[in-house]
Amino acid sequence: MTTTANSNGGTSTTDLAPGYDAGKVRDAIRDNLWLHFTQMQEFADPEVRPLILTRGEGTTVWDVEGKSYLDFLAGIYSVNAGYGRTRIAKAMMAQLESMPFVNPFGYASVPAAVLADRLGELAPLGGNARVFFTSGGSESVETALKLAKQYQTARGYPHRWKTISRRVAYHGTTLGALSVNGLTGSRALFGPLVSGARHAPMSHRYRCPYCKDAPACNLMCYDEIERLVEFEGPDQVAAIVTEPVQNAGGCIPPGSMDYFKKIRKLCDDTGILMIMDEVICGFGRLGELFGSTYFGVEPDVITAAKGITSSYAPLGAVLVRKSVADAFAEAPRDDLPEPVNAAREWGFQHGLTFGGHPVSCAAAIANLDIMLEEDLPGKAKEMGAYLHGELQAALGEHPNVGDIRGAGLFLGVEMVADRETKASPDKSDVLEWMSDKMLEGGVILRNDGRNDPTTQLCPPLVVTREECDQVVNVLAECFDGLAKRLGTVGTQHPTAAS
Ligand SMILES: Cc1ncc(COP(=O)(O)O)c(C=O)c1O
């Protein structure tokens, strides 16, 4: 490919790839490419032009026409170290030249071993954790679920096969991961799903059925998890799966800092594995290297992907507490039933050809070095607080803003039609319109409609104050436009007066 930068910072439309200009790339998208979660028929209309991004630097990306955008979605919550990191590209190239691939079924590459060693110490899992690599987030969740079931069998509990996760939460698309998803729409077309997947209410302070009008979270959302464990039978539950800050629904932290500590204790008391899905919240996003640390808990298993390589290469990881991994090597005994001995004798019965690809692991090592040397988690904490404050100042009183929430650089602004009643606007009225307006203003971010409509801000962790200011201004204008569109009465942002 011979892509070149042109004078306005974009790329030439005539040499995107040999024989392909922008028009021919669009034709290929219209006729051949299948984008994820996308109705491809939309592109049959020549007026509907897919955004084709060809270059990035820091937080800025350029499309094929040379227009620049601030990427406040960081790819898809994932380009944590920002675009244009030559150091990661060079590390990948060096690995490609020396050893492009090593079979992970019993063989090891140097980068996979080094990365496991480093993450095994850094993860909040009690030290010396074991790491099983995958090639992405769904595979990490899928792997963690199978690992939990085999672990429970190895401990002597072959009937612990149920899982508890939360409603509305997104944990991936493969059938196991989809089963723990709490998104009714995503699950609807693919049943029957993996049996035993149970769902508790989420912890969502702004709309909590138990405490939304109380001065503080009363943790009844946690009580629901405990009740579900009791109802399902603690000796039948293998794992509880949660995200530190729930993505679907719009960056929802638990209502209380004690929420995860209570889940930790429940797991300790019952032998259930505590799985933290840090596919988004890991690798600096919340202001700590791992999202669990933000909430002061050490789970048993952490699932990771996305930011692990800042998305320069596909990689996922399942980080496992040593005592859990050790159960897979317990000695078989004659008095134990067959599945228990099999679970101990055979090692973890799971594998993926591309899990822990050496080039991806080399990218992850370079990414980790950058994160630690530049203290990107610290930057996320500082810039997240700044962005949160600016959003509050610009939009805190806006009649169409119900809630501003999140942690680190993972923030949500929930749209309402009425602040008093918290009524949501019709999704079809607002989501696409807001996204288009923001794109017009040069900002990419997600207007999430999986629960009540919420604008999500999740920039690369290298984002600057000026970039935050720019996006807050665009957002304020968009919300003022939304107020006009919805005919909302009440206090308008000053810029709406003009
Ligand atoms: C929390 C969480 N888990 C799992 C996944 C699935 O990751 P992937 O898309 O890499 O399969 C995602 C994706 O957004 C996620 O946010």
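Residues numbered from 1 in each chain as written. Predicted model: local features only at pLDDT ≥ 70, side-chain atom pairs only at ≥ 80, totals over all residues.

*Asks:* For this particular structure, what's the right way to read the domain arrangement of the chain?
*Replies:* It is common to give the size of an interface as the accessible area lost on bringing the parts into contact. As assigned here, the chain comprises domain 1 (51–80 + 376–497) and domain 2 (88–373). Taking only C-alpha atoms into account, the centre of domain 1 sits 29 Å from that of domain 2. With 29 residues of domain 1 at the interface, the matching set in domain 2 holds 27 residues. Mapped by element, the contributors of at least two residues to the side of domain 1 that touches domain 2 are α2 (74–77), α14 (376–395), β11 (401–407), β12 (410–415) and β15 (454–457). Here the side of domain 1 that touches domain 2 is built from residues that sort into 10 nonpolar, 11 polar and 8 charged. (Domains from an automatic or database assignment. Contact = placed C-beta atoms within 7 Å. Helix = DSSP H or I, 4+ residues; strand = E, 2+ residues; numbered from the N terminus. Nonpolar A, V, L, I, M, F, W, Y, C, P; charged D, E, K, R; others polar.)

*Asks:* So what exactly am I meant to see when it comes to the site of the ligand here?
*Replies:* Taken together, 13 residues are adjacent to the ligand, and G136, G137, S138, G172 and V279 come closest. Top contributing element to the shell around the ligand by residue count: helix α5 (residues 137–154), with 3 residues. Considering only residue class, the shell around the ligand consists of 5 nonpolar, 6 polar and 2 charged. (Near = placed C-beta within 6 Å.)

*Asks:* Would you take a moment to explain the confidence of the model for the chain for this structure?
*Replies:* Caution applies to low-pLDDT parts of the model: their predicted coordinates are not meant to be read in detail. Considering every residue of the chain, the mean pLDDT works out to 95; 95% of them sit at 70 or more. With pLDDT under 50 throughout, residues 1–13 is counted as low confidence; its partners more than four residues away or in other chains account for 33 contacts. (pLDDT = per-residue confidence, 0-100.)

*Asks:* Got a minute to help me understand helix α3 (residues 86–98) in this structure?
*Replies:* The first and last C-alpha atoms of α3 sit 18 Å apart over 13 residues, in line with the 18 Å expected at 1.5 Å per residue. All of the buried residues in α3 are I88, A91, M92 and Q95. End-on view of α3: buried residues confined to an arc of 95°, all on one side of the axis. In this structure, α3 carries T86, K90 and E97 as exposed residues pointing more than 90 degrees from its buried face. Against the buried residues of α3 lie α4 (110–122) and α13 (358–373). (Expected span 1.5 Å × (residues − 1). Buried ≥ 20, exposed ≤ 12 C-beta atoms within 10 Å, placed from the backbone. Arc of directions from axis to C-beta.)

*Asks:* Looking at this structure, how should I read the pairing of strand β10 (residues 316–320)?
*Replies:* Look at any regular strand and the pattern is simple: side chains alternate between the two faces of the sheet. Within β10, 5 of the 5 residues are buried, leaving the element largely enclosed by the surrounding structure. Of the two faces of β10, both are covered, the one formed by G316, V318 and V320 as well as the one formed by A317 and L319.

*Asks:* Before we go on, may I ask you to explain the nonpolar core in this structure?
*Replies:* Ranked by internal contacts, the top residues of the largest apolar core, which has 135 residues, are L273, I275, V301, L319, A363 and F410. Sort the elements by how many residues they give to this core and helix α16 (residues 465–486) lands first, with 10 residues. Residue-level mapping places this core at the junction of two domains, with at least three residues from each of domain 1 (51–80 + 376–497) and domain 2 (88–373). (Core = buried A, V, L, I, M, F, W, Y, C linked by C-beta atoms within 7 Å.)

*Asks:* Help me understand α4, please; the structure alone is not making it clear to me.
*Replies:* It helps to recall that an α-helix has 3.6 residues per turn; residues three or four apart then point in one direction. An ideal rise of 1.5 Å per residue puts 18 Å on 13 residues; α4 measures up with 18 Å between its terminal C-alpha atoms. Here the buried face of α4 lies against α3, β4 (130–134), β10 and α13.

*Asks:* Could you clarify how one ought to interpret the sheet that holds β11 in this entry?
*Replies:* Taken together, the 4 strands give an open sheet; going across it, the order is β11-β12-β15-β14, and neighbouring strands pair in antiparallel fashion. Taken across any chain shown, the strands that pair with only one partner, and hence form the sheet edges, are β11 and β14 (446–448). Here the strands of the sheet are splayed against their neighbours by 25° on average, with no regard to which way each runs. The sheet contact formed by β12 and β15 spans 4 bridges and is antiparallel. The partner of E414 across the bridge, within β15, is T454. (Pairing = 2+ DSSP bridges. Axes fitted to C-alpha atoms, helices over the stretch in contact; angles between N-to-C directions.)

*Asks:* Got a minute to help me understand unusual backbone geometry in this structure?
*Replies:* Generally, phi is negative for residues other than glycine and the peptide bonds are trans, each holding for most cases. Here the bond from G191 into P192 is cis, since omega is -5°, no more than 30 degrees from zero. In this model, L219 sits at a positive phi of 60°, which is unusual for a non-glycine residue. Residue classification places L219 among the partly exposed residues on the basis of 19 C-beta atoms within 10 Å. Positive phi values are uncommon outside glycine, yet K422 reaches one of about 65°. With respect to the helices and strands, the residue K422 is situated in the loop between β12 and α15 (427–440). With 15 C-beta atoms packed within 10 Å, K422 lands in the partly exposed category.

*Asks:* What exactly am I supposed to notice about the environment of A238 here?
*Replies:* For A238, the position within the fold is in strand β7 (residues 237–242). Placed 79 residues apart in sequence, A238 and H159 show a C-alpha to C-alpha distance of 8.6 Å.

*Asks:* How should the sheet that holds strand β13 (residues 443–444) be read in this particular structure?
*Replies:* In space, the 4 strands of this open sheet follow the order β1-β2-β3-β13, with mixed pairing throughout. Lying at the two open borders of the sheet, with one neighbouring strand each, are β1 (53–57) and β13. Two strands pair when backbone bridges link them, and strand β3 (residues 68–71) and β13 are joined in this way by 2 bridges, in the parallel orientation. Following the sheet pairing, L70 is matched in β13 by V443.

*Asks:* Whenever I open this one, the packing of α5 against helix α12 (residues 338–345) confuses me. Can you help?
*Replies:* The angle between the axes and the distance between the axes are what describe a pair of packed helices. Running from N to C, α5 and α12 point in directions that differ by 120°, and their axes come no closer than 7 Å. Note on packing geometry: the crossing formed by α5 with α12 is left-handed. Contacts between α5 and α12 pair Q150, T153 and A154 from the former with P339, V340, A343 and R344 from the latter. Of the residues contributing to the contact of α5 with α12, the split by class is 4 nonpolar, 2 polar and 1 charged. (Left-handed = near helix turned anticlockwise from the far one by under 90°.)

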